Amino acid sequence: MKESILSAKGLCKSFAHNGGQVHILSHVDLTLYQGDFTVIMGASGSGKSTLLYALSGMDRATAGEVLYNGKNIVTMSEKELSTLRSNDFGFIFQQLHLVSNLTLFENIVISGYLSKAITGETVRNYAEELIEKMGIKHIKNHLPAQVSGGEQQRCAIARAVVHNPKLIFADEPTGALNRHNTIEVLNLLTSINEGGQSILMVTHDIHVALRANRILYLEDGKIIGELTLPVFCPSEERSRETQISAWLHSMEW
Ligand SMILES: Nc1ncnc2c1ncn2[C@@H]1O[C@H](COP(=O)(O)OP(=O)(O)OP(=O)(O)O)[C@@H](O)[C@H]1O
Ligand SMILES: [Mg+2]
(Lines give C-alpha, C1' and ligand atoms only; values in the text may rest on other atoms or scores of the structure.)
(Ligands and ions follow the chains in the order given, each with its own letter.)
Protein backbone atom coordinates (compact mmCIF):
# COMPACT_ATOMS: atom_id res chain seq x y z
CA MET A 1 0.00 0.00 0.00
CA LYS A 2 1.48 3.34 -1.07
CA GLU A 3 1.81 6.14 1.43
CA SER A 4 0.28 9.51 0.72
CA ILE A 5 2.73 12.41 0.37
CA LEU A 6 0.24 15.21 -0.31
CA SER A 7 -3.51 15.29 -0.21
CA ALA A 8 -5.98 17.91 -1.43
CA LYS A 9 -9.65 18.08 -0.46
CA GLY A 10 -12.31 20.35 -1.96
CA LEU A 11 -9.64 22.51 -3.57
CA CYS A 12 -11.06 25.59 -5.31
CA LYS A 13 -9.39 28.50 -7.04
CA SER A 14 -11.18 31.55 -8.36
CA PHE A 15 -9.87 34.75 -9.87
CA ALA A 16 -11.51 38.16 -9.80
CA HIS A 17 -12.57 39.11 -13.31
CA ASN A 18 -14.70 42.00 -14.62
CA GLY A 19 -16.16 42.66 -11.19
CA GLY A 20 -17.10 38.98 -10.75
CA GLN A 21 -15.29 35.71 -10.04
CA VAL A 22 -14.12 33.07 -12.50
CA HIS A 23 -13.89 29.61 -11.00
CA ILE A 24 -10.87 27.78 -12.37
CA LEU A 25 -10.59 24.81 -9.97
CA SER A 26 -13.80 23.35 -8.59
CA HIS A 27 -13.62 21.09 -5.55
CA VAL A 28 -10.61 19.01 -6.57
CA ASP A 29 -9.92 15.97 -4.37
CA LEU A 30 -6.53 14.43 -5.02
CA THR A 31 -3.97 12.34 -3.16
CA LEU A 32 -0.38 12.06 -4.39
CA TYR A 33 1.60 9.03 -3.30
CA GLN A 34 5.16 8.64 -2.11
CA GLY A 35 7.48 7.62 -4.95
CA ASP A 36 4.93 8.18 -7.73
CA PHE A 37 5.68 9.95 -10.99
CA THR A 38 2.32 11.62 -11.59
CA VAL A 39 1.48 13.58 -14.72
CA ILE A 40 -1.38 16.02 -15.29
CA MET A 41 -2.71 16.39 -18.82
CA GLY A 42 -5.65 18.31 -20.25
CA ALA A 43 -6.52 20.97 -22.79
CA SER A 44 -4.95 24.42 -22.68
CA GLY A 45 -6.83 26.53 -20.12
CA SER A 46 -8.19 23.50 -18.22
CA GLY A 47 -6.39 24.66 -15.06
CA LYS A 48 -3.27 22.46 -14.98
CA SER A 49 -0.83 25.21 -13.96
CA THR A 50 -3.37 26.64 -11.52
CA LEU A 51 -3.70 23.21 -9.87
CA LEU A 52 0.08 22.77 -9.66
CA TYR A 53 0.47 26.21 -8.08
CA ALA A 54 -2.32 25.61 -5.57
CA LEU A 55 -1.01 22.17 -4.55
CA SER A 56 2.54 23.43 -4.09
CA GLY A 57 1.64 26.54 -2.12
CA MET A 58 3.07 28.82 -4.81
CA ASP A 59 -0.40 30.31 -4.94
CA ARG A 60 -3.10 30.07 -2.31
CA ALA A 61 -6.26 28.13 -3.03
CA THR A 62 -9.53 30.04 -2.54
CA ALA A 63 -11.10 27.15 -0.59
CA GLY A 64 -10.29 23.62 0.47
CA GLU A 65 -7.17 22.15 2.03
CA VAL A 66 -3.84 20.68 0.96
CA LEU A 67 -2.27 18.47 3.59
CA TYR A 68 1.47 17.82 3.62
CA ASN A 69 2.99 16.10 6.68
CA GLY A 70 -0.27 16.70 8.51
CA LYS A 71 -0.18 20.47 7.91
CA ASN A 72 -2.52 22.49 5.72
CA ILE A 73 -0.50 24.37 3.08
CA VAL A 74 -3.46 26.64 2.28
CA THR A 75 -3.38 28.26 5.71
CA MET A 76 0.38 28.17 6.35
CA SER A 77 2.25 31.39 7.12
CA GLU A 78 4.61 32.73 4.43
CA LYS A 79 7.54 31.74 6.66
CA GLU A 80 6.38 28.13 7.01
CA LEU A 81 5.72 27.94 3.28
CA SER A 82 9.15 29.30 2.47
CA THR A 83 10.81 26.67 4.72
CA LEU A 84 8.77 23.94 3.05
CA ARG A 85 9.77 25.16 -0.41
CA SER A 86 13.47 25.34 0.48
CA ASN A 87 13.63 21.94 2.16
CA ASP A 88 11.00 19.58 0.83
CA PHE A 89 9.74 20.86 -2.53
CA GLY A 90 11.44 21.46 -5.88
CA PHE A 91 9.99 23.62 -8.66
CA ILE A 92 10.48 23.69 -12.40
CA PHE A 93 8.40 26.44 -13.98
CA GLN A 94 7.64 27.61 -17.47
CA GLN A 95 9.24 30.93 -16.50
CA LEU A 96 12.76 30.16 -15.34
CA HIS A 97 13.46 32.90 -12.78
CA LEU A 98 17.25 32.46 -12.94
CA VAL A 99 19.16 35.20 -11.14
CA SER A 100 20.67 37.27 -13.95
CA ASN A 101 23.90 38.34 -12.23
CA LEU A 102 24.81 34.85 -10.97
CA THR A 103 26.52 32.19 -13.10
CA LEU A 104 24.68 28.98 -13.96
CA PHE A 105 26.67 27.14 -11.27
CA GLU A 106 25.88 29.80 -8.66
CA ASN A 107 22.20 29.74 -9.61
CA ILE A 108 22.14 26.01 -8.94
CA VAL A 109 24.06 25.89 -5.65
CA ILE A 110 22.34 28.86 -4.07
CA SER A 111 19.07 26.92 -4.01
CA GLY A 112 20.85 24.06 -2.21
CA TYR A 113 22.44 26.38 0.35
CA LEU A 114 18.96 27.51 1.44
CA SER A 115 18.08 23.97 2.47
CA LYS A 116 18.85 22.99 6.03
CA ALA A 117 18.79 19.30 5.20
CA ILE A 118 22.17 19.09 3.39
CA THR A 119 25.70 20.48 3.77
CA GLY A 120 27.31 22.98 1.40
CA GLU A 121 29.83 20.40 0.25
CA THR A 122 27.11 17.88 -0.63
CA VAL A 123 25.30 20.62 -2.58
CA ARG A 124 28.44 21.53 -4.56
CA ASN A 125 29.23 17.91 -5.38
CA TYR A 126 25.69 17.16 -6.48
CA ALA A 127 25.57 20.41 -8.48
CA GLU A 128 28.72 19.31 -10.39
CA GLU A 129 27.07 15.93 -11.09
CA LEU A 130 23.83 17.56 -12.30
CA ILE A 131 25.70 20.04 -14.50
CA GLU A 132 27.49 17.13 -16.16
CA LYS A 133 24.22 15.18 -16.63
CA MET A 134 22.47 18.25 -18.07
CA GLY A 135 25.34 18.87 -20.53
CA ILE A 136 26.05 22.41 -19.30
CA LYS A 137 29.44 21.86 -17.65
CA HIS A 138 31.35 23.83 -20.31
CA ILE A 139 29.19 26.92 -19.66
CA LYS A 140 28.75 26.64 -15.91
CA ASN A 141 30.54 29.97 -15.32
CA HIS A 142 28.42 31.86 -17.87
CA LEU A 143 25.61 34.21 -16.89
CA PRO A 144 22.07 33.19 -17.94
CA ALA A 145 21.96 35.90 -20.64
CA GLN A 146 25.08 34.36 -22.26
CA VAL A 147 23.49 30.94 -22.88
CA SER A 148 20.53 29.65 -24.90
CA GLY A 149 16.96 29.20 -23.65
CA GLY A 150 17.38 25.41 -23.59
CA GLU A 151 20.60 25.72 -21.58
CA GLN A 152 18.86 28.04 -19.12
CA GLN A 153 16.05 25.51 -18.81
CA ARG A 154 18.49 22.69 -18.03
CA CYS A 155 20.14 24.92 -15.43
CA ALA A 156 16.71 25.60 -13.86
CA ILE A 157 16.07 21.85 -13.71
CA ALA A 158 19.38 21.21 -11.93
CA ARG A 159 18.54 24.04 -9.53
CA ALA A 160 15.12 22.52 -8.79
CA VAL A 161 16.54 19.18 -7.66
CA VAL A 162 19.95 20.06 -6.11
CA HIS A 163 18.58 20.05 -2.53
CA ASN A 164 17.10 16.56 -2.96
CA PRO A 165 13.45 17.60 -2.60
CA LYS A 166 10.93 14.99 -1.53
CA LEU A 167 8.38 16.26 -4.05
CA ILE A 168 9.15 17.96 -7.36
CA PHE A 169 6.53 20.11 -9.13
CA ALA A 170 7.20 20.64 -12.82
CA ASP A 171 5.13 22.68 -15.27
CA GLU A 172 5.98 21.60 -18.82
CA PRO A 173 9.68 21.33 -17.97
CA THR A 174 10.65 20.21 -21.46
CA GLY A 175 8.42 22.61 -23.40
CA ALA A 176 11.40 24.70 -24.58
CA LEU A 177 13.78 21.82 -25.25
CA ASN A 178 14.70 19.85 -28.36
CA ARG A 179 14.28 16.06 -28.50
CA HIS A 180 17.80 15.25 -27.30
CA ASN A 181 17.64 17.58 -24.30
CA THR A 182 14.10 16.47 -23.50
CA ILE A 183 15.33 12.89 -23.20
CA GLU A 184 18.26 13.97 -20.97
CA VAL A 185 15.86 15.83 -18.68
CA LEU A 186 13.41 12.92 -18.60
CA ASN A 187 16.24 10.48 -17.84
CA LEU A 188 17.32 12.70 -14.96
CA LEU A 189 13.76 12.96 -13.57
CA THR A 190 13.23 9.21 -14.01
CA SER A 191 16.44 8.37 -12.14
CA ILE A 192 15.55 10.82 -9.37
CA ASN A 193 12.12 9.20 -9.13
CA GLU A 194 13.69 5.72 -9.00
CA GLY A 195 15.64 7.00 -5.99
CA GLY A 196 12.30 7.53 -4.22
CA GLN A 197 11.57 11.22 -4.86
CA SER A 198 8.00 11.96 -5.95
CA ILE A 199 7.17 14.01 -9.04
CA LEU A 200 4.07 15.91 -10.15
CA MET A 201 4.44 17.17 -13.70
CA VAL A 202 2.22 18.93 -16.21
CA THR A 203 2.78 18.12 -19.86
CA HIS A 204 1.11 18.23 -23.28
CA ASP A 205 3.52 15.68 -24.71
CA ILE A 206 2.72 11.95 -24.74
CA HIS A 207 6.44 11.12 -24.99
CA VAL A 208 6.96 12.95 -21.71
CA ALA A 209 3.86 11.40 -20.10
CA LEU A 210 5.26 7.93 -20.89
CA ARG A 211 7.56 8.27 -17.90
CA ALA A 212 4.69 8.57 -15.42
CA ASN A 213 3.11 5.69 -13.52
CA ARG A 214 -0.06 7.73 -13.04
CA ILE A 215 -1.74 10.20 -15.39
CA LEU A 216 -4.59 12.51 -14.36
CA TYR A 217 -6.81 14.25 -16.87
CA LEU A 218 -8.12 17.71 -16.08
CA GLU A 219 -11.13 19.31 -17.76
CA ASP A 220 -12.60 22.66 -16.72
CA GLY A 221 -10.85 22.54 -13.37
CA LYS A 222 -11.96 18.99 -12.49
CA ILE A 223 -10.10 15.70 -12.60
CA ILE A 224 -12.25 13.62 -14.92
CA GLY A 225 -9.99 10.65 -15.56
CA GLU A 226 -7.05 8.71 -14.22
CA LEU A 227 -4.75 6.11 -15.76
CA THR A 228 -2.41 3.97 -13.65
CA LEU A 229 0.58 2.34 -15.31
CA PRO A 230 3.43 0.08 -14.25
CA VAL A 231 6.81 1.73 -13.68
CA PHE A 232 8.34 2.97 -16.97
CA CYS A 233 10.46 0.47 -18.86
CA PRO A 234 12.15 1.63 -22.11
CA SER A 235 11.58 -1.69 -23.90
CA GLU A 236 7.80 -1.30 -23.53
CA GLU A 237 7.67 2.28 -24.76
CA ARG A 238 5.66 1.50 -27.89
CA SER A 239 2.83 -0.40 -26.21
CA ARG A 240 2.74 2.18 -23.42
CA GLU A 241 2.37 4.98 -25.93
CA THR A 242 -0.48 3.13 -27.65
CA GLN A 243 -2.22 2.62 -24.30
CA ILE A 244 -1.87 6.28 -23.28
CA SER A 245 -3.02 7.51 -26.74
CA ALA A 246 -6.13 5.34 -26.56
CA TRP A 247 -6.90 6.57 -23.07
CA LEU A 248 -6.37 10.23 -24.04
CA HIS A 249 -8.64 9.65 -27.01
CA SER A 250 -11.33 8.37 -24.64
CA MET A 251 -10.88 11.60 -22.65
CA GLU A 252 -11.55 13.49 -25.91
CA TRP A 253 -8.05 15.01 -25.81
N1 LIG B 1 -4.25 35.28 -12.48
C2 LIG B 1 -5.29 34.94 -13.23
N3 LIG B 1 -6.37 35.76 -13.34
C4 LIG B 1 -7.44 35.41 -14.08
N5 LIG B 1 -7.55 34.25 -14.76
C6 LIG B 1 -6.51 33.40 -14.70
C7 LIG B 1 -5.33 33.70 -13.94
N8 LIG B 1 -4.47 32.65 -14.06
C9 LIG B 1 -5.09 31.77 -14.87
N10 LIG B 1 -6.30 32.22 -15.25
C11 LIG B 1 -7.25 31.51 -16.13
O12 LIG B 1 -7.43 30.21 -15.61
C13 LIG B 1 -7.59 29.27 -16.67
C14 LIG B 1 -6.65 28.13 -16.45
O15 LIG B 1 -5.32 28.60 -16.59
P16 LIG B 1 -4.07 27.64 -16.44
O17 LIG B 1 -2.88 28.49 -16.68
O18 LIG B 1 -4.16 26.90 -15.17
O19 LIG B 1 -4.33 26.64 -17.65
P20 LIG B 1 -3.41 25.45 -18.19
O21 LIG B 1 -4.25 24.22 -18.20
O22 LIG B 1 -2.13 25.42 -17.44
O23 LIG B 1 -3.18 25.92 -19.70
P24 LIG B 1 -1.89 25.76 -20.65
O25 LIG B 1 -1.90 24.32 -21.11
O26 LIG B 1 -2.16 26.69 -21.77
O27 LIG B 1 -0.65 26.11 -19.87
C28 LIG B 1 -7.37 30.05 -17.96
O29 LIG B 1 -8.61 30.31 -18.54
C30 LIG B 1 -6.69 31.31 -17.51
O31 LIG B 1 -7.00 32.37 -18.36
MG1 LIG C 1 -0.14 25.88 -17.96
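Residues numbered from 1 in each chain as written. Chains lettered and ligands numbered in written order. Predicted model: local features only at pLDDT ≥ 70, side-chain atom pairs only at ≥ 80, totals over all residues. Heavy atoms only, no water.

(A) Spatial organisation of the side chain of Lys13. If you trace the backbone, Lys13 turns up in strand β1 (residues 4–17). Setting aside anything within four residues of it in sequence, one finds Lys13 in contact with Val22, His23, Ile24, Leu25, Thr50, Asp59, Arg60, Ala61 and Thr62. (Helix = DSSP H or I, 4+ residues; strand = E, 2+ residues; numbered from the N terminus. Contact = heavy atoms within 4.5 Å.)

(B) Seen up close, the sheet that holds strand β10 (residues 222–228). Read from one edge to the other, the open sheet built from 6 strands follows the order β6-β7-β8-β3-β9-β10, with strand pairing classed as mixed. Each edge of the sheet is formed by a strand with only one pairing partner; in this case those strands are β6 (89–92) and β10. Strand-to-strand twist across the sheet, computed as the mean angle between neighbouring axes with direction ignored, equals 15°. Bridge analysis of strand β9 (residues 214–219) against β10 gives 6 bridges, and the strand direction is antiparallel. Each bridged residue has a counterpart across the sheet, and for Ile215 the counterpart in β10 is Leu227. Contacting β6 and β7 (167–171), helix α5 (residues 149–161) runs over the sheet at an angle of about 170° to β6. (Pairing = 2+ DSSP bridges. Axes fitted to C-alpha atoms, helices over the stretch in contact; angles between N-to-C directions.)

(C) Just the site of ligand 1, in detail. In the vicinity of ligand 1, the residues found are Phe15, Ile24, Ala43, Ser44, Gly45, Ser46, Gly47, Lys48, Ser49, Thr50, Glu172 and His204. A distance of 3.3 Å is found between an oxygen atom of ligand 1 and a backbone nitrogen or oxygen belonging to Ser46. For ligand 1, an oxygen atom lies 2.9 Å from a polar atom in the side chain of Ser49. Burial of ligand 1 by the protein amounts to 60% of the accessible area it has alone, namely 640 Å². A per-element tally of the shell around ligand 1 places helix α1 (residues 48–56) first, with 3 residues. The class makeup of the residues in the shell around ligand 1 is 3 nonpolar, 7 polar and 2 charged. (Near = heavy atom within 4 Å. Polar contact = N/O pair within 3.5 Å; in protein donor to acceptor, adjacent residues only side chain to side chain. Areas by Shrake-Rupley, 256 points an atom, 1.4 Å probe, with all protein chains shown as cover. Nonpolar A, V, L, I, M, F, W, Y, C, P; charged D, E, K, R; others polar.)

Function-wise, these values are silent; they only describe arrangement.
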